[in-house]
Structure formats: C-alpha cells, structure tokens
Amino acid sequence: MLAITSDVNINLLNKEDTIVLRYMDILHSFGLTQHITKPTRITPTSKSLIDHFITITLHNVSHSDVLPSGCISDHAAVYATINARIS
Amino acid sequence: MKNKRRYLGAKINHYPNSDSSFQLTRIAISGDVSPNPGPAPKCSSCDKTVRKNQPSVNCTMCYNMSHTKCTKLETDSAWLCSTCNSVNLLSALPFYNEVSTSHHPWDCELSNIVDVTDTNSHLSAITANSNHLSILDLNAQSMCSTFGEFSLLMNDYKFEIATLSETWLKENPLLLQHVCIPGYQLSFRNRDKCKGGGVGVYLKECIPFKRRKDIENLQPDFEHMWLEISGKNKNSKLLLGVVYRSDMIVPERDWIEKFDDLLSNVVPRWEGMLVQCCTQVGGNASHYK
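Treat the numbers as computed from the prediction; the structure is a model and nothing was measured. Think of each chain on its own: its residues are numbered from 1, step by step along the sequence as written. Just so you know, chain letters begin at A and ligand numbers begin at 1, following the order they were written in. For a predicted model such as this one, the threshold for reporting local features is a pLDDT of at least 70, and the threshold for listing and counting side-chain atom pairs is 80 or more; totals across whole chains, interfaces and linings nevertheless cover every residue.

**Describing the overall build of chain A**
So, step 1. Helix and strand definitions here come from DSSP, where helices need a minimum of 4 consecutive H or I residues and strands a minimum of 2 consecutive E residues; each element is numbered from the N-terminal end. For chain A, the helix and strand inventory stands at one helix and seven strands.
So, step 2. Each helix and strand of chain A, ordered N terminal to C terminal, gives the series β-α-β-β-β-β-β-β.
So, step 3. Exposure classification rests on a simple neighbour count of other C-beta atoms within 10 Å of a residue's own: a residue reaching 20 or more is buried, one at 12 or fewer is exposed, and one in between is partly exposed. C-beta atoms are placed from the backbone. Counting the 87 residues in chain A, one finds 44% classified as buried.
So, step 4. What counts as a contact here is a pair of residues whose C-beta atoms, placed from the backbone, lie within 7 Å. For chain A, the proportion of contacts with a sequence separation of at least 24, taken over those separated by at least 6, is 49%.

Here's what the structure looks like:
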C-alpha cells in the first residue's frame, strides 16, 4: 500500500491549467489515484481543491470525503478510510 | 414650604396645618440614608422623565418604567418594553435554544460552523468502515493556536492517523510537549530557519512505524515526510507520505519535475518490494526487512 497526503497548492479545479495537467499526468503514470473531489478551501470569493489524498490503487479506498474543520483553519480537512491490513 | 432653602436643610411638616416639623439633616447624619436618591426614572419609550403624577407602568421582564400613554396600553395588563419584546420574539422562532439544550457545551463552538447532520454522516461513514484505516489530512495553520480544536476533532472522530501540514512548529521540546494527544505518537518535521511550514503525523500508539529519512533525503529541499507502517504481514506494509509545498520556498514548475523524480524513485521500488515479499511468503524473507 502506498498513501500520500499532499498539500501542494495545486488547484485541481482548474482542469485546463498546465501544472494541473502535468501533475495528474505524473500521478497517472505511476498508477496513482487522487480521491478527493470536493473543494477543500472555500473563501467568499473562491473555491479550490488543494488538499489531495493519493493512493496507488482505487479499490483500496472505501470512503473519502471532506470534513469541515470549523475554526481550526481555513482549509477543510480531508479524510479517507483505506482497506490496509495494519496490525 | 420655603423652596429657597437647601434640600437637606428643608423643614418637612408633620401635618399640613401645624408648625411642627423635622429636618432632613437629622436623618442625613444618622448615616444609613443615602442623601442622593439618584435620577428620576426615564421613560423607556420617549426618554423623558416619568414624573410622580404621571401614570406609569413597569416592564414585566426588566422592570424599566414607561409612561402609560407611551405604551398605548388601555388596561392595566402586563407589558413588555420594546427591548424585551424583541428578545421574546426571537425565542418564538423555531430551533431557538436548539444548540444550547441538545449538545455538550464544548460542541457549541463546532456546531456553529459545522452542520450537525453533516457531522453525523461523516462519523457514521467512519464507523461503518471501522475495520479500515482512517486517515485525516489537514492544513493546520499553526498547531499552537488551534491545538485545542484539533484535539477535539481527533477525540470526536478517532482517526487512526492524522497528517498535518503548516504546523508552524519549531524544534522546541516544550512546544512539542504541548501538542501531544494522549493515545497518539507523533512525528514532526519542522521548519527551523524560517517561519511557517512544517509537516507532522499523529499515529495511534498501537501502530508501529519507522521514519524513512532515506526517502526524505532524495529531495532535501522538499517539505515532506515518509513513514513505513508495518502491516499484519509482509505484503501489507503501508508507505505513508506527507508532502507540502508553498510558493515561497519552491516554485511550481521546479517542484513538479522534482516530484516526478521523487515518485519515480519511490513508487516502483516500493511496489516492487511488496511483490517480491509476496512471492517469498513462507520462505526466508528476513533480508527484505
């Protein structure tokens, strides 16, 4: 199993952006999947998806979502449950 | 009565038709009567003084006085002043008091922002997959100031692993002691030379892990952390990476190429090792540790 949580300030909602295309291309070439689909940072003027949860295969992730973090920070928390046989 | 005399020196007649009187000075020197009775009450509607000879009415909640004619009351019924009335109207709205009665006091802060039904759906999704590993990722934006809220979040959802970016922590033992959560072990990579940044991981105490500094050293100017978490058997090991990038430290275009480089060093080797382990189950696989 391989899991990466990345907060790299790349907004995946800008699907046409060259950086986003390159980023997704890199992930794809290593067989990695990014699971978060909802915006993780919402300000009155913008929405962006900049917190990512990446794993190597799709079927290991049973659930993933965005959890509002309230007053902790202006980013929402992202979480996932993965089927990893950890002792 | 001679009005020209001073208030305290004035004589008060016992009877309207006799000369016998007493003086207020005598009462004043007794010591237990206030010489200053305070301002005459103002009407809460028109802001003018309510005189003794004017009919008045008291608010039943705050006891503020008001002219009867200002309240436009016809009968001598109970009356609420405008301030109390607006509060009272608010309480007639649906769900008023809902927050304060149905939840713990420490939930109030969160439920102001987080919809309660939403919270429940997240919680049930996590408990439904309770045999799976739950991982949280959060951009904390200073652990010091928001640690209280963060530990409440962990207490509510009981994530097995939490990865953090922008911890803003330093290599200071007291600071690191402050951000401990009972039942969790922590591992941080802090930014000591300049402010901001920093990544960290909280893991439940029952999860054994090993920090892979060798992977971190492949890209020393990245802010990232890699942990190897041993699984139930050799091929269920988990490699957990936390990657953070801010525009101030590494520009996008440089970063993406280095990221490609890093993954090409990590992913095939990691997966390849697992496959190797997999084929050697039952054999002597100790040198793959």
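Having seen the model, we can carry on.
**A word on the confidence of the model for chain B**
Reading predicted coordinates in detail is not appropriate for stretches of low pLDDT.
Residue and element names in this part refer to chain B.
So, step 1. In the predicted model, chain B carries a mean pLDDT of 78, and the fraction of residues at 70 or more is 79%.
So, step 2. Here residues 99-114 is a poorly scored stretch, pLDDT under 50, and it has 15 contacts once near neighbours within four places are set aside; other chains count.
So, step 3. Known as pLDDT, the predictor's per-residue confidence is scaled from 0 to 100. In this model residues 277-289 is a low-confidence stretch, pLDDT under 50, and it forms ten contacts with partners more than four residues away in sequence or in other chains.
So, step 4. At the level of chain-chain contacts, confidence expressed as ipTM amounts to 0.91, with global pTM at 0.64.

**Examining the sheet that holds strand β6 (residues 61-67) of chain A**
So, step 1. Taken together, six strands build an open sheet; the order of strands is β6(A)-β7(A)-β5(B)-β6(B)-β8(B)-β7(B) and the sheet is mixed. The open sheet is flanked by β6 of chain A together with β7 (184-189) of chain B, the only strands paired with a single partner. Recorded for the sheet is a direction-independent mean angle of 15° between the axes of neighbouring strands.
So, step 2. DSSP-based pairing: two strands are paired if at least 2 bridges between them are found. Summarising the sheet, β7 of chain B and strand β8 (residues 199-204) of chain B pair through six bridges and their orientation is antiparallel. By the bridge assignment for β8 of chain B, L186 of chain B is matched with Y202 of chain B. Under this scheme, a helix contributes an axis fitted over its contacting stretch, all axes are lines through C-alpha atoms, and angles between N-to-C directions fall in the 0 to 180 degree range.

**A look at the nonpolar core**
So, step 1. Membership of the largest hydrophobic core comes to 60 residues, with the highest contact counts inside it found for A3 and Y79 of chain A together with I135, I161 and L238 of chain B.
So, step 2. Leave out the neighbours within four places in its chain, and I161 of chain B touches L133, I135, V201, Y202, L203 and L240 of chain B. Think of a nonpolar core as buried Ala, Val, Leu, Ile, Met, Phe, Trp, Tyr and Cys residues, each tied to the set through C-beta atoms within 7 Å.

**Focus: the interface of chain A and chain B**
So, step 1. Facing the 39 residues of chain A at the interface are 49 residues of chain B.
So, step 2. Among the elements of the structure, β1 (2-7), α1 (18-29), β5 (51-55), β6 and β7 (77-82) of chain A are those that each provide at least two residues to the side of chain A that touches chain B.
So, step 3. Three residue categories are used. Nonpolar comprises Ala, Val, Leu, Ile, Met, Phe, Trp, Tyr, Cys and Pro, charged comprises Asp, Glu, Lys and Arg, and polar comprises the others, including Gly. For the side of chain A that touches chain B, the residue count by class is 22 nonpolar, twelve polar and five charged.
So, step 4. With five bridges connecting them, β7 of chain A and strand β5 (residues 133-139) of chain B associate as antiparallel partners. Within β5 of chain B, the position partnered with I82 of chain A by the bridge is L133 of chain B.

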